[in-house]
Amino acid sequence: LPTMADAPRAFRAVVSWVNRDGKACINATPETWCFCGHRFKAHDRADDSFRCTVAGCACACYNLHVAQGAWHVRCRCKHAHTDHAVGEPRRPCRKRVGGKPCGCAGFDSPYVCTCDQGWAEHRTAFRRVELPAVPSDAAAAATGLSAAEAVAIREMVALPTAASV
């Protein structure tokens, strides 16, 4: 007889902005911004590469950018994250001031998180979490659950599709 152990296992990627102690300060949602200037939902989550799917974007992997509403963390040079190079490790500023390059060698922000650690003391972290098992109709029947109870469990768990993870 089938059991709950026979139910298919499902995993979901969880992306967070974590401090040096490993505490998740911000969890990414589909609307959370990336350093490239596109939202998390514009990044490929189906194959766990998290690269940006917007045509012409050089972003190879999602990098959570702190923002709230219209406010975004800015660099010490006072320019926005979108003024800095995405495909380069230090993210130098591309903005020109008075016809000359800004001079900023790389994005660095004076922003201090609510955890009392600075912007540079955080990183984007990726982990996989197992979703609760969802009983198949056969497993539900074998364990004494009614079809309606099995459907209710499936709806409570709401297994995400590749597009919604």
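Here, every reference points to the structure presented above.
In short, a report on the structure. Just so it is clear, the model here is predicted, and its values are computed rather than measured.

Here we look at the packing of aromatic side chains
- Going through the model one piece at a time under the given rule, you end up with 7 aromatic pairs.
- Taking the centre distance of 6.3 Å and the plane angle of 40° together, the rings of W17 and Y111 count as tilted. Placement of W17 in strand β1 (residues 11-19) and of Y111 in the loop between β6 (100-101) and β7 (122-130) is noted, with a sequence separation of 94 residues between them.
- Put simply, the rings of F40, F50, Y62 and F126 touch in pairs and so form one group of aromatic residues.
- Across from the ring centre of F40, 5.0 Å away, lies the NZ or CZ of R45, which sits over that ring.
- Lying across the ring of F35, R91 places its NZ or CZ 4.3 Å from the centre.

Description of the sheet that holds β7
- The antiparallel open sheet is built from 3 strands, whose spatial order is β2-β1-β7. Strand pairing shows two members of the sheet lacking a second neighbour, β2 (24-27) and β7, which therefore form its edges. The mean inter-strand angle of the sheet, taken between neighbouring strand axes irrespective of direction, is 40°.
- Note: β1 against β7, 9 bridges, orientation antiparallel. Opposite V18, over in β7, you have R123 as the bridge partner.

A look at the side chain of D44
- In this fold, D44 is placed in the loop between β2 and β3 (67-68).
- On the accessibility criterion, D44 (17% relative accessible area) is buried.
- Among all residues touching D44, those that are not within four sequence positions of it are S49, F50, R51 and T53.

Things to note about the environment of C75
- Relative to the elements of secondary structure, C75 occurs in the loop between β4 (71-72) and β5 (96-97).
- Remark: the alpha-carbon pair of C75 and F107, spanning 32 residues in sequence, is separated by 5.4 Å.
- Non-local contacts of C75, meaning those with residues more than four positions away in its chain, are made with H84, C104, G106, F107, D108, S109 and P110.

Some words on the pairing of β2
- The pairing of β1 with β2 spans 3 bridges and is classified as antiparallel. Residue pairing in the sheet places W17 in a bridge with I26 of β2.
- Hairpin connection between β1 and β2: a loop of 4 residues separates the two successive antiparallel strands, and G22 in this loop has a positive phi of roughly 90°.

Observations concerning the pattern of salt bridges
- Enumeration according to the criterion identifies 5 salt bridges in this entry.
- Its salt-bridge partner being E121, residue R20 comes within 2.1 Å of it at the nearest N-O pair. Separated by 101 residues along the polypeptide, R20 in the loop between β1 and β2 and E121 in the loop between β6 and β7 bring together distant segments of the chain.
- We note a salt bridge from R76 to D108, for which the minimum N-O separation is 2.8 Å. Highlighted residues: R76 in the loop between β4 and β5 and D108 in the loop between β6 and β7, separated in sequence by 32 residues.

Regarding the state of the cysteines
- The final tally for this structure, using the stated rule, is 0 disulfides.
- Free of any disulfide, C25 has its nearest cysteine sulfur in C113, 3.7 Å distant.
- For the unlinked cysteine C75, the closest cysteine sulfur is that of C104, found at 3.7 Å.

Cut-offs and rules
- Residues numbered from 1 in each chain as written.
- Predicted model: local features only at pLDDT ≥ 70, side-chain atom pairs only at ≥ 80, totals over all residues.
- Heavy atoms only, no water.
- Phe/Tyr/Trp six-rings, centres within 6.5 Å; stacked < 30°, edge-to-face > 60°.
- Helix = DSSP H or I, 4+ residues; strand = E, 2+ residues; numbered from the N terminus.
- Lys NZ or Arg CZ within 6 Å of the ring centre and 35° of its normal.
- Pairing = 2+ DSSP bridges.
- Axes fitted to C-alpha atoms, helices over the stretch in contact; angles between N-to-C directions.
- Buried < 20%, exposed > 50% of the residue type's maximum accessible area, 1.4 Å probe, protein only.
- Contact = heavy atoms within 4.5 Å.
- Salt bridge = Lys/Arg side-chain N within 4 Å of Asp/Glu carboxyl O.
- Disulfide = S-S within 2.5 Å.

Spatial relationships are all this shows, so hold off on functional conclusions.
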